[in-house]
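The lines below spell out each chain.
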Amino acid sequence: EPLARAGLVPSPPHIALFSEQLTAYSGKSNMELHQVLAKFSDMATFRGGDFFLCRKKSLEIVSRWLKNYPLPTELKFSLCMSPVRETCPRSKRAFQRFVDTFSKGRSPGVHFSLIPRPAKNFNHLSDLCSIHSELELFLWLQGKVEPSGLSSAVERARATAAKDE
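Residues numbered from 1 in each chain as written. Predicted model: local features only at pLDDT ≥ 70, side-chain atom pairs only at ≥ 80, totals over all residues. Heavy atoms only, no water.

## Side note on the overall build of the protein chain
Part 1: What the protein chain contains, in helices and strands, is seven helices and two strands.
Part 2: Put simply, the protein chain runs from its N terminus to its C terminus through helices and strands in the order β-α-α-β-α-α-α-α-α.
Part 3: For the protein chain, buried positions account for 37% of its 165 residues.
Part 4: Contacts in the protein chain between residues far apart in sequence, at least 24 positions, make up 63% of those at least 6 positions apart.
Part 5: For the protein chain, the accessible area works out to roughly 9900 Å², and carbon and sulfur atoms hold 55% of it. (Helix = DSSP H or I, 4+ residues; strand = E, 2+ residues; numbered from the N terminus. Buried < 20%, exposed > 50% of the residue type's maximum accessible area, 1.4 Å probe, protein only. Contact = heavy atoms within 4.5 Å. Areas by Shrake-Rupley, 256 points an atom, 1.4 Å probe, with all protein chains shown as cover.)

Following this line, the structure appears as structure tokens:
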């Protein structure tokens, strides 16, 4: 049976180009990423709604978090594709701490709270799972924004070692 609908997952260069064209066409300058994504989603309904934007809600939430950071649209969209859990305050804090540090031209590091410790009960086990998720997020972000220099290589190694413990 043929598919009734298909999801679209645009790449960062596609969103950057779409944003430029949308700005040129609409005459509005400095459209926020969440507005660009909403328009992309609206326009993705070719031939009676056959297509939709994948992860629309997640992209919208994370793009709003990035609204006040002076980063290019393409990079913001890449960050929106990160494995951050938008409903988890810890995950959001780790994401924002990374983006804030990076946007100020500094190399983001592994926060001391991300050092795993052996679980003693169920709550500790839950915390340990969160720590590993945050370490995965940190490594993903490090891989995407590719900060250069020795300090970022050291932080990547620290995060990998902590994750593997």
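## Remarks on the side chain of Ser41
Part 1: Tracing the backbone through its elements, the reader meets Ser41 in helix α2 (residues 33-43).
Part 2: On the basis of relative accessible area, Ser41 is assigned to the buried category, the value being 9%.
Part 3: When neighbours within four sequence positions are excluded, Ser41 is seen to be in contact with Leu53 and Lys56.

## Remarks on the environment of Ile61
Part 1: With respect to the helices and strands, the residue Ile61 is situated in helix α3 (residues 56-65).
Part 2: Once the C-alpha coordinates of Ile61 and Thr87 are considered, the two residues, 26 residues apart in sequence, prove to be 9.6 Å apart.

## Topic: helix α1 (residues 12-26)
Part 1: Between the first and last C-alpha of α1 there are 21 Å, a value that for 15 residues agrees with the 21 Å anticipated at 1.5 Å per step.
Part 2: Among all positions in α1, only Pro12, Ile15, Ala16, Phe18, Ser19 and Leu22 are buried. Buried residues in α1, looked at end-on, bunch into an arc of 165°, giving them a common side. Among the exposed residues of α1, those oriented more than 90 degrees off its buried face are His14, Glu20, Ala24 and Tyr25.
Part 3: The inward-facing, buried residues of α1 contact α2 and α4 (73-80). (Expected span 1.5 Å × (residues − 1). Arc of directions from axis to C-beta.)

## As for the packing of helix α5 (residues 89-103) against helix α6 (residues 122-145)
Part 1: Contact geometry for α5 and α6: axes closest at 10 Å, N-to-C directions at 30°. Considering their axes alone, α5 and α6 lie roughly parallel with respect to each other. Crossing of α5 over α6 shows right-handed handedness. Here Arg90, Ser91, Ala94, Phe95, Arg97, Phe98 and Phe102 of α5 come into contact with α6, specifically with Asp127, Ser130, Ile131, Glu134, Leu137, Phe138, Leu141, Gln142 and Val145.
Part 2: The class makeup of the residues in the contact of α5 with α6 is nine nonpolar, three polar and four charged. (Axes fitted to C-alpha atoms, helices over the stretch in contact; angles between N-to-C directions. Parallel < 35°, antiparallel > 145°, perpendicular 65-115°, else oblique. Left-handed = near helix turned anticlockwise from the far one by under 90°. Nonpolar A, V, L, I, M, F, W, Y, C, P; charged D, E, K, R; others polar.)

## Comments concerning the confidence of the model for the protein chain
Residues shown with low pLDDT carry predicted positions that ought not to be read at fine detail.
Part 1: For the protein chain, mean pLDDT is 82; residues scoring 70 or higher make up 84% of the total.
Part 2: Across the protein chain, the element-wise mean pLDDT spans from 63 in helix α7 (residues 150-164) up to 93 in α3. (pLDDT = per-residue confidence, 0-100.)

## Regarding the side chain of Ser82
Part 1: If you trace the backbone, Ser82 turns up in the loop between α4 and α5.
Part 2: The buried category is assigned to Ser82, whose relative accessible area is 1%.
Part 3: A distance of 3.0 Å separates a polar atom in the side chain of Ser82 from the backbone oxygen of Leu79. (Polar contact = N/O pair within 3.5 Å; in protein donor to acceptor, adjacent residues only side chain to side chain.)

## Remarks on the packing of aromatic side chains
Part 1: Per the counting criterion, the structure on display carries three aromatic pairs.
Part 2: Summarising the aromatic geometry, the rings of Phe18 and Phe40 are spaced 5.3 Å apart at their centres and angled 90° between planes, so their arrangement reads as edge-to-face. Of this pair, Phe18 sits in helix α1 while Phe40 sits in helix α2; the two residues are 22 residues apart in sequence, bridging distant segments of the chain. Across the pair, exposure class does not vary: Phe18 and Phe40 are buried alike. (Phe/Tyr/Trp six-rings, centres within 6.5 Å; stacked < 30°, edge-to-face > 60°.)

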